[in-house]
Amino acid sequence: MEWKFQTAEELAAALRANEVTSAELTDEAIARIERDNKVINAICVPDFERARAAARGADQERARGEVRPLLGIPVTVKDSYNMAGLPTTWGMPQHRDYVPAEDAVQVSRLKAAGAVVLGKTNVPLGLQDIQSFNEIYGTTNNPWDHARTPGGSSGGSAAALASGFCALSIGSDLAGSLRTPAHFCGIYAHKPTLGLAATRGMVAPPAPPLPVDLDLAVVGPMARTAHDLSLLLDVMAGPDPLTLGKAHDLTLPPARHERLGDFRVLVVDEHPLIPTGSAVRAGVNRVADALSDDGAHVERHSPLLPDLAEAATLYTKLLFSGSVARFPVEAYEQLRTRAAGLSADDQSLDAARLRGMVFSHRDWIEANNHRELHRHGWRQLFAEFDAVVCPITPTPAFPHDHNPDLLERRIDIDGVLYTYFDQLVWAGLATMPGLPATAIPAGRSSAGLPVGVQLIGPMFEDRTPLRLAELLEQKIGGFQVPT
């Protein structure tokens, strides 16, 4: 039997039933990677010998009757996580030889849960792209169409899952870096509530792995089913043992509902700052129709929804305010001069990006205060609704675009070109206020490419969008093997 597209849940059951050993699963996965990764280029740093040793250890533990949630399951890890003994580069050539001395918190948690780590997956330079390519490891291709990107920055992990290289992977998300690759590759991903999962050791080289609270950025699970997302989130969730973990135990509330028909859902498929492509709109409508058919309460408009244009502008400023901290003084002064020349009437996202890059501390505090107002608005909305269904990006996966000037790139939406970075507004809808969001497959485009949508839920109620994802998977189907 071939195990490559079996879920983590199915593999765990087969291991418990002695139908297969972890060593066999690991050898099969390694053989598949050695055969197919040359074309996909998802695995950038293999760790096969240690994986085989871990698999043998897992089989011995199971023989002794030990039980752990991921015991013997083959997984991968995004290159942005530190793994002792392996390079952590973030795709930056100057750090190609940087090897951390200790595992990131989440890598430690994977190993403690019994997972077998096969290696690390590819990312864009500095994690700062919606694609996954860099000078060290090259370009990762979309398993559905090798001429297209798998997304970024967790594109290597998404491509690995869609190719059957592993059962689970862990990624991170600041600007849709979990959700966009899931959407482009037809898999599942979950962006947890901000602060739910410890991030220590998910840090750019050669910075030390300090227990800091990141603004906007989270770490999260990727899988081929919604239930596997929950399985991996349970391993990842929880505070850093160096800080809040000294005093806090995590208990997430249960999902608000167990039946699809009991959910109250707001469906949003239009944004004031960028159009939604026809393929993505069809995916959103497919999910909305499935909800309605099962008796869910579905609305298309609500005065409780925070202003989308204001939210996108605020997110853009906060996102780019952190991008220039290490710029040379001369470059920063040039940005300040350009920002000072902006017209007060210019409220475009291009202007928001430039203003964000030269934020003063006072500017950031003001923006953060506005964020708190948006969070309050979301709390009011989630008193009336259980989830919001909306796009992740306006289009399915687009062709590789390696123009080094990202500001010159354009995104084609039904034949019309738009600024490349403007497509981030949908990802920012959940990121800016720190809300959980689950990316699910929602069908295929007319060109046969996967289309996903995101289910945004209430803060720290991650089990609600995850449960909704499971129910929708049963209703409309989920992952499909690339053809």
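Cut-offs used in this document
Residues numbered from 1 in each chain as written. Predicted model: local features only at pLDDT ≥ 70, side-chain atom pairs only at ≥ 80, totals over all residues. Heavy atoms only, no water. Helix = DSSP H or I, 4+ residues; strand = E, 2+ residues; numbered from the N terminus. Rg over C-alpha atoms; globule rule 2.2 N^0.38 Å. Contact = heavy atoms within 4.5 Å. Lys, Arg positive; Asp, Glu negative; His and termini not counted. Charge placed at Lys NZ, Arg CZ, Asp CG, Glu CD. Axes fitted to C-alpha atoms, helices over the stretch in contact; angles between N-to-C directions. Parallel < 35°, antiparallel > 145°, perpendicular 65-115°, else oblique. Left-handed = near helix turned anticlockwise from the far one by under 90°. Nonpolar A, V, L, I, M, F, W, Y, C, P; charged D, E, K, R; others polar. Buried < 20%, exposed > 50% of the residue type's maximum accessible area, 1.4 Å probe, protein only. Pairing = 2+ DSSP bridges. Right-handed = clockwise from strand over helix to strand, strands pointing away. 1 Å grid on protein atoms, 1.4 Å probe; cavity = no way out; pocket = protein on both sides within 12 Å on 5 of 7 lines; lining within 4 Å. Points joined across faces, edges and corners; volume = space filled by probe spheres on them. Phe/Tyr/Trp six-rings, centres within 6.5 Å; stacked < 30°, edge-to-face > 60°. Lys NZ or Arg CZ within 6 Å of the ring centre and 35° of its normal. Disulfide = S-S within 2.5 Å. Salt bridge = Lys/Arg side-chain N within 4 Å of Asp/Glu carboxyl O.

Enquirer: So, the overall build of the protein chain: which residues are in play, and what are the values?
Expert: Broken down by element type, the protein chain carries 14 helices and 15 strands. The C-alpha atoms of the protein chain give a radius of gyration of 21 Å, which matches the 23 Å a tight globule of 483 residues would have. Over its C-alpha atoms, taken along the principal directions, the protein chain stretches across nearly 70 × 55 × 50 Å. Taking the intrachain contacts of the protein chain between residues at least 6 apart in sequence as the baseline, contacts between residues at least 24 apart amount to 76%. Computed over 44 positive and 58 negative side-chain charges, the separation of the two mean positions in the protein chain equals 2 Å.

Enquirer: Tell me about the environment of Leu354, and please be specific about residues and values.
Expert: With respect to the secondary-structure elements, Leu354 resides in helix 11 (residues 349-357). Taking the C-alpha atoms as reference, Leu354 lies 40 Å from Thr251; in sequence the two are 103 residues apart. Excluding its chain neighbours within four sequence positions, the residues that come into contact with Leu354 are Leu335, Arg338, Ala339 and Leu342.

Enquirer: Outline the packing of helix 4 (residues 105-112) against helix 7 (residues 226-236), supporting the account with residue identities and numerical values.
Expert: Running from N to C, helix 4 and helix 7 point in directions that differ by 115 degrees, and their axes come no closer than 9 Å. Taken as axis vectors, helix 4 and helix 7 run roughly perpendicular relative to one another. In this structure, helix 4 meets helix 7 at a crossing whose hand is right-handed. Between helix 4, through Gln106, Arg109 and Leu110, and helix 7, the contact on the second element is made entirely by Leu232, Val235 and Met236. Residue composition of the contact of helix 4 with helix 7, grouped by class: 4 nonpolar, 1 polar and 1 charged.

Enquirer: Would you mind going over the pairing of strand 3 (residues 116-121) in detail, with residue names and values included?
Expert: Most of strand 3 sits inside the fold, with 6 of its 6 residues counted as buried. One ladder, built from 3 bridges, connects strand 1 (residues 43-46) with strand 3; its direction is antiparallel. Bridge pairing links Pro46 to Gly119 in strand 3. Bridge count for strand 2 (residues 74-78) against strand 3 is 4 bridges, and the pairing is parallel. Looking across to strand 3, one finds that Pro74 is bridged to Val116. The handedness of the strand 2 to strand 3 crossover, carried by helix 4, is right-handed.

Enquirer: Give a detailed account of the sheet that holds strand 14 (residues 437-444), specifying residues and quantitative values.
Expert: Taken in spatial order, the 11 strands make up an open sheet running 1-3-2-6-8-7-14-15-11-9-10, and their pairing is mixed. Strand pairing shows two members of the sheet lacking a second neighbour, strand 1 and strand 10 (297-299), which therefore form its edges. Averaged over neighbouring strand pairs, the angle between their axes works out to 30 degrees when direction is ignored. The sheet contact formed by strand 7 (residues 188-191) and strand 8 (residues 218-223) spans 2 bridges and is antiparallel. Note on strand 8: the bridge partner recorded for Tyr188 is Ala223. Lying on the sheet, helix 4 is in contact with strand 2, strand 6 (168-173) and strand 8; it crosses strand 2 at an angle near 175 degrees.

Enquirer: Explain the layout of surface pockets to me, using residue names and the numbers behind them.
Expert: Put simply, the second largest pocket is a space of about 480 Å³. Considering the residues around the second largest pocket, the lining is formed by 23 residues, among which Gly195, Leu196, Asp213, Pro239 and Leu244 are closest to the centre. Taken together, the residues of the lining of the second largest pocket sort by class into 13 nonpolar, 6 polar and 4 charged.

Enquirer: Could you give me a rundown of the environment of Ala290, with the residues and numbers involved?
Expert: Positionally, Ala290 belongs in helix 8 (residues 278-293). Exposure remark for Ala290: the relative accessible area of 5% places this residue in the buried category. Considering only alpha carbons, one finds Ala290 and Arg259, 31 residues apart in sequence, at a separation of 13 Å. Apart from the residues within four sequence positions on either side, Ala290 is in contact with Leu260, Leu472, Lys475 and Ile476.

Enquirer: Help me get a handle on the packing of aromatic side chains, residues and values and all.
Expert: Counted under the stated rule, the structure contains 6 aromatic pairs. On the basis of an interplanar angle of 80 degrees and a centroid distance of 5.8 Å, the ring pair of Phe398 and Tyr420 is categorised as edge-to-face. Placement of Phe398 in the loop between strand 11 (387-390) and strand 12 (410-413) and of Tyr420 in the loop between strand 13 (416-419) and helix 13 (425-431) is noted, with a sequence separation of 22 residues between them. The structure contains a cluster of three or more aromatic residues connected by ring pairs, namely Phe184, Phe320, Phe398, Tyr420 and Phe421. Here the guanidinium or amino end of Arg224 rests over the ring plane of Phe479, the centre of that ring lying 5.9 Å away.

Enquirer: Report on the side chain of Ser445, specifying residues and quantitative values.
Expert: Here Ser445 shows up in the loop between strand 14 and strand 15 (450-456). Accessibility expressed as a relative area gives 12% for Ser445, which makes it buried. The residues contacting Ser445, other than those within four sequence positions of it, are Ala279, Pro396 and Val451.

Enquirer: Tell me what's going on with the state of the cysteines, and back it up with residues and numbers.
Expert: Such a bond, covalent and formed between the sulfur atoms of two cysteines, is termed a disulfide. Under the definition given, this model contains 0 disulfides. Just so you know, Cys166 is unpaired, no disulfide at all, and the nearest cysteine sulfur is the one on Cys185, 12 Å from it.

Enquirer: Break down helix 11 for me, with residues and values.
Expert: Of all 9 residues in helix 11, 7 are buried; the element is thus mostly enclosed. Buried residues in helix 11 make contact with helix 9 (308-321), helix 10 (329-340), strand 13 and helix 13.

Enquirer: Could you give me a rundown of the pattern of salt bridges, with the residues and numbers involved?
Expert: Counted by the stated rule, this structure contains 29 salt bridges. The partner of Asp145 in a salt bridge is Arg148, with the nearest N and O atoms 3.0 Å apart. The class of Asp145 is partly exposed, set by a relative accessible area of 26%. Assessed through its relative accessible area of 22%, Arg148 is described here as partly exposed.

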